[in-house]
Amino acid sequence: MIPLQISSSFLESLFQNVSDAILAINRDGMIIAANRSFEAMSGYTVQELVGNINLCDVCIGMATCSEEMTCVECFAKRQKLPSFQMFVRTKSGEELPVAASSTRLPTEGDEALVLILRDITEQQRVERERHQRQLTNYVIQAQEEERKRISRDLHDGIGQALYSIMVGLRVVNQLQLESQVKAHLDEVQQLTSRTLEEVKNLSVELRPSALDDLGLVPAIRSYLKRFDETFGIQSELTVNGKRRRYPSVVETALYRILQEAMTNAAKYADTDQLFITLTDADDNIELRIVDKGVGFDPEHLRIKGTGLGLFGMRERASLLGGSVRIDSVEGVGTRIEVSIPLDEKGGPKYVHSFVDRR
Ligand SMILES: Nc1ncnc2c1ncn2[C@@H]1O[C@H](COP(=O)(O)OP(=O)(O)OP(=O)(O)O)[C@@H](O)[C@H]1O
Ligand SMILES: [Mg+2]
């Protein structure tokens, strides 16, 4: 093996061709050298930079643990210089976040501060997106837990109490009563019975126990029945492929997406028939909701409610590595297709580390 000779031409080539931006400044902060990558980053030519531009003209501060952007205790004045983040203002006025490290090097009769900079705009965008996803996931999970708790409280607490009242009223009603009292009692009995029914519906609407106890298909079936009773819209369900349980995150996401798509159809599609298809194709599960209603233009939404439904569908699917496809044509109808890739155990195949796989 021939050891590499670090010649000055090799160093010059490294300086010019390395992808990180490098610049050197003198004690006054004047730029005394810059490589091609810094030219590309800043938009200035080397001729414009060297001897003409001061570091402070292209630097708009550094980020510390306590401050977003500061010039206090500027890194250029410190003796020991750790890695840090700073912001570069380009010739066109753009502000770029960059990861920086620096070294002091002796020069002829002076000292230069050499800065090595890397644009982290893309890295920060990805990080922000990940953070946003994480928040969405926490909100969805917290909402689901809360719905579960309220649903159980309604069913087991208020529901049971109303049932006991009904039993009590029935016992009283069997006694010898004046006809006027009996008429009142009948009314109260009917009111209690209706309230009990409403509490039960509310409890199921919030979170059907069938989803946890029996799984996705039975939960969808009973939802379709209730949907028909509420809106008078009949739905045809087709189930293809394997019938199996999926982790709760998958079943919940698909169920909530179905609920939103069907509610949208009931509110806006002006149709009396819906077609639902659930297909387990081993390596993915697909849910399709089709209506032959009025349709809409997905590119130019005319929001009639709060406008969060379609966004929420996409978020839920994307947290599980899945996707939602919306095909809608005005006058023809709407087709919503959700697809979630599955691993061999039926769990979500691609999932963010912060999503609970269960
Ligand atoms: N099946 C459908 N048929 C016709 N128009 C639809 C259908 N689904 C959605 N839309 C249109 O798309 C818009 C956006 O739907 P989205 O579910 O995102 O919001 P929303 O229903 O208005 O409010 P939210 O769901 O937050 O209560 C609706 O306002 C409606 O105009
Ligand atoms: Mg909606």
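Position numbers for residues count from 1 along each chain, tracking the sequence in the order it is written. Written order determines the labels here, with chains lettered from A and ligands numbered from 1. Predicted model: local features are reported for residues with pLDDT of at least 70 only, side-chain atom pairs are reported and counted for 80 or more only, and whole-chain, interface and lining totals are derived from all residues. Heavy atoms from the whole structure form the basis of all side-chain values; hydrogens and water molecules are not counted.

Trainee: Could you give an account of unusual backbone geometry, naming the residues involved and the relevant values?
Mentor: A negative phi angle is the norm for most residues apart from glycine, just as the trans form is the norm for most peptide bonds. Positive phi is not limited to glycine here, since Asp270 has a value of about 55°. Each helix is a run of DSSP H or I of at least 4 residues and each strand a run of E of at least 2, with the numbering of both proceeding from the N terminus. Of note, Asp270 is situated in the loop between helix H9 (248-269) and strand E8 (273-280). Only protein chains enter the calculation, and the probe is 1.4 Å; a residue is then buried if its accessible area is under 20% of its type maximum, exposed if over 50%, and partly exposed in between. Since its relative accessible area comes to 67%, Asp270 is described here as exposed. One non-glycine residue, Asp282, adopts positive backbone phi at about 65°. Here Asp282 is to be found in the loop between E8 and strand E9 (284-291).

Trainee: Account for the packing of aromatic side chains, with residues named and values stated.
Mentor: For Phe, Tyr and Trp, where Trp contributes only its six-membered ring, two rings pair if their centres lie within 6.5 Å, and the inter-plane angle classes them as stacked under 30 degrees, edge-to-face over 60, or tilted in between. Applying the stated rule across the entire model yields 3 aromatic pairs. Relative to Phe227, the ring of Tyr223 lies with its centre 5.9 Å away and its plane at 45°, an arrangement referred to as tilted. Taken together, the residues span about one helical turn, with Tyr223 and Phe227 both in helix H8 (residues 216-231) at a distance of 4 residues. We classify Tyr223 as buried; its relative accessible area is 5%. What makes Phe227 buried here is its relative accessible area of 2%. Geometrically, the ring pair formed by Phe227 and Phe231 is tilted, given 4.8 Å between the ring centres and 50° between the ring planes. Highlighted residues: Phe227 and Phe231, both in helix H8, separated by 4 residues, approximately one helical turn. A connected cluster of aromatic rings, assembled from ring pairs, spans Tyr223, Phe227, Phe231 and Tyr255.

Trainee: So what about the site of ligand 1? Which residues, and what values?
Mentor: Throughout, near means a residue has at least one heavy atom within 4 Å of the molecule or strand. In the vicinity of ligand 1 there are 20 residues, among which Tyr268, Lys304, Gly305, Thr306 and Leu308 approach most closely. The side chain of Asn264 places a nitrogen or oxygen atom 2.8 Å from an oxygen atom of ligand 1. A distance of 3.0 Å is found between a nitrogen atom of ligand 1 and a side-chain nitrogen or oxygen belonging to Asp291. All accessible-area figures derive from a Shrake-Rupley calculation using a 1.4 Å probe, and residue coverage is judged against the displayed protein chains alone. The fraction of the free accessible surface of ligand 1 (600 Å²) that becomes covered by protein chains is 93%. The set of elements that each furnish at least two residues to the shell around ligand 1 consists of H9 and helix H10 (309-319). Tallied by class, residues from the shell around ligand 1 come to 8 nonpolar, 7 polar and 5 charged. N or O atoms within 3.5 Å of each other form a polar contact, as long as, within protein, one can give a hydrogen and the other can take it, and as long as residues adjacent in sequence are counted only when both atoms are side-chain atoms. For this scheme, ten residues count as nonpolar: Ala, Val, Leu, Ile, Met, Phe, Trp, Tyr, Cys and Pro. Four count as charged, namely Asp, Glu, Lys and Arg, and the remainder, Gly too, count as polar.

Shape is all these values report; function is a separate question.
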